[in-house]
Amino acid sequence: MIVEENNQLLIDHLIELRKRLLICIITVIIIFLSLVYFANDIYSLVALPLLKQMPAGAKMIATDVTSPFVTPIKLTAIVSIFLSIPIILYQIWAFIAPALYKHERNLLIIIAFFGTFLFYCGVLFAYFIILPMVFNFFINTLPKGVTLATDINNYLDFTLWLFILCGISFEIPVVIILLCWIGITDTVNLKKNRPYIFVATFIIGMLLTPDILSQILLAIPLYLLFEVGLFFSHHYFKYQSLKEKP
């Protein structure tokens, strides 16, 4: 009897998981089909930070025959996934929520909302701040006699890599809350290690950016995000400990 109940429970979980996955896939497909007509316009928008910095007469090129068609389509598919993140996160939350306590569900809602918001902020920061500065630096340091002609697929790979890195970097407050939640660290240790974390943000900025100015512009927000995560972690877990006291 117990084995049959466990098997039925497993089947129910698998059916529920399939349902959530189908919703995520259908959401991505619907958004993709809505955007695919504008694929070239979407690519032009993403390429704008480089196009604005390029010398007069310089153009982007396609070194592969299929690149002018495939690259915008690939970008549109990635944008569709990117825009589907809130729905995907909600489906993940809805799947695991029944197994969580009420305060854990509430915390995950907060983490999912602010995690998504911060990831989008990181991507926008990369698009409007980091990319123009990076391309300006590279173009101004071109050797004499060298003409810039960037392949559209290589450009897309580079910008997506930077978008993902900056998006993940902006998740620092969420990471801090999760680390404190599962007990890997606490706010006391994080406060003690402030100087090391401050230096680490500049090291990250140095690795992701080509010059000192853009390094500072990336490191400062990262450190401020660390302080934001520390502040919310301290007050949230302090509130929870007071709440659990009899």
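Predicted, not measured: the structure shown is a model, and the values here were computed from it. (Residues numbered from 1 in each chain as written. Predicted model: local features only at pLDDT ≥ 70, side-chain atom pairs only at ≥ 80, totals over all residues. Heavy atoms only, no water.)

Chemist: Pulling in residues and values, what's your account of the pattern of salt bridges?
Modeler: Summed over the entire model, instances satisfying the criterion amount to three salt bridges. With a closest N to O distance of 2.8 Å, Arg20 and Glu16 form a salt bridge. Here Arg20 and its partner Glu16 are both found in helix α1 (residues 2-35), four residues apart, which amounts to about one turn of the helix. In this structure Glu16 comes out as partly exposed when scored by relative accessible area, which is 25%. For Lys74, the salt bridge goes to Asp157, with nearest N and O atoms at 3.4 Å. Placement of Lys74 in helix α3 (residues 67-96) and of Asp157 in helix α5 (residues 152-169) is noted, with a sequence separation of 83 residues between them. Classification of Asp157 as partly exposed rests on a relative accessible area of 37%. (Salt bridge = Lys/Arg side-chain N within 4 Å of Asp/Glu carboxyl O. Helix = DSSP H or I, 4+ residues; strand = E, 2+ residues; numbered from the N terminus. Buried < 20%, exposed > 50% of the residue type's maximum accessible area, 1.4 Å probe, protein only.)

Chemist: Give me the lowdown on the confidence of the model for the protein, citing residues and values where you can.
Modeler: The predicted structure's coordinates, where accompanied by low pLDDT, should not be read in detail. Taken as a whole, the protein shows an average pLDDT of 86; of its residues, 93% reach a score of 70 or greater. The lowest-confidence element of the protein is helix α9 (residues 212-244), averaging 80 in pLDDT; the highest-confidence one is helix α2 (residues 39-51), averaging 94. (pLDDT = per-residue confidence, 0-100.)

Chemist: Now, about the nonpolar core: what can you tell me, with residues and values included?
Modeler: As a rule of thumb, soluble globular proteins bury nonpolar side chains together. Formed by 44 residues in total, the largest nonpolar core has its most connected members in Tyr43, Leu50, Met60, Tyr155 and Phe163. Elements with a contribution of two residues or more to this core: α2, α4 (102-140), α5, α6 (172-182) and α9. With 13 residues, the top contributor of residues to this core is α4. (Core = buried A, V, L, I, M, F, W, Y, C linked by side-chain atoms within 4.5 Å.)

Chemist: Got a sec to walk through α5? Specific residues and values, please.
Modeler: Along its 18 residues, α5 runs 26 Å from first to last C-alpha, staying within 8% of the 26 Å computed at 1.5 Å per residue. Listed as buried for α5 are Ile152, Tyr155, Leu156, Thr159, Leu160, Leu162, Phe163, Cys166, Gly167 and Ser169. (Expected span 1.5 Å × (residues − 1).)

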